[in-house]
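# Coordinate inspection notes
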Amino acid sequence: MKIAEIAGITNGRVICGDELLDHEITHAFSSDLLSDVLTVNRVGILLITGVANLQTIRTAEMAEVMCILLVRNKRASQEMIGLAKNLGLVILESPGSMFAASGKLYQGGIRPLY
Amino acid sequence: MKFEYLIEGGDFIRAGHASSDIKKILNQLNLDPAIVRRIAVSMYEAEVNVVAHAFRGVMKVNINPERILVLVEDEGPGIPDIAQAMQEGYSTASDKVREMGFGAGMGLSNMKKNTDILDIHSAINRGTVVKMTTFTKSGAS
């Protein structure tokens, strides 16, 4: 699924990474525990999370996450956006819950990691 | 090549800075991306551990063609029982650390999973030394 479609399905606003909206993503991981995100074994995934701080971006950098979907109306700070731009990461913000976003994306064909 | 970074306890703004820097350097050296990712994850876990638990620390990275050595030495409370701390789910992290998304008790086991050799030594009320060795070619020893 293209990142643009991920944003559309989840009523997500594109915060940064507009140039990557045509990029395809096949798998997602939903978690509010960054420690768990660091255990995933696939790169280029979508991370669905309600944790919005600089370490969310650092975790995405180390785990090589492609796109971060912030749920529950959490907002990315300017520092987060600046770092994400430097790293070539996409940030989306969705007003819905993690469950709603995960369910809609699963239905749309995004697969779980396990 | 040798690099050294200071890590301040409690500084969740800069946490990850050292790991990010080394990850970029390793990528520039055209190392296998899978190995770079393993090193980045284990280094970052170690860096966050210093920020979350210690007063301050230093991360020393030594890169040679055969292996990457990461040494993290901190001044802090130390780990009373390393075997217990290695168990997934065991954590002594504060509420503040948990609010940041860490403290799930996955850090040390994830470091072990992502390094070829992990050595941890700790002294109560003095600090902890973590040594992580990763070989650049799988199967090397």
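Coordinates for the structure precede this section.
Calculation criteria
- Residues numbered from 1 in each chain as written.
- Chains lettered and ligands numbered in written order.
- Predicted model: local features only at pLDDT ≥ 70, side-chain atom pairs only at ≥ 80, totals over all residues.
- Contact = placed C-beta atoms within 7 Å.
- Helix = DSSP H or I, 4+ residues; strand = E, 2+ residues; numbered from the N terminus.
- Nonpolar A, V, L, I, M, F, W, Y, C, P; charged D, E, K, R; others polar.
- Pairing = 2+ DSSP bridges.
- Axes fitted to C-alpha atoms, helices over the stretch in contact; angles between N-to-C directions.

## As for the interface of chain A and chain B
Counting from both sides, the interface comprises 18 residues of chain A and, opposite them, 18 residues of chain B. Elements with a contribution of two residues or more to the side of chain A that touches chain B: α2 (34-37) and α3 (54-63) of chain A. Among the elements that take part in the side of chain A that touches chain B, α3 of chain A stands out by supplying seven residues, more than any other. Partitioned by chemical class, the residues of the side of chain A that touches chain B number eight nonpolar, five polar and five charged.

## Some words on the sheet that holds strand β2 (residues 56-63) of chain B
Residue and element names in this part refer to chain B. Taken in spatial order, the five strands of this open sheet run β1-β2-β3-β5-β4, and their pairing is antiparallel. What marks the edges here is a single partner per strand, and that holds for β1 (2-8) and β4 (117-123). Direction aside, the axes of adjacent strands within the sheet are offset by 10 degrees on average. Here strand β3 (residues 67-75) pairs with strand β5 (residues 127-135) via nine bridges, running antiparallel.

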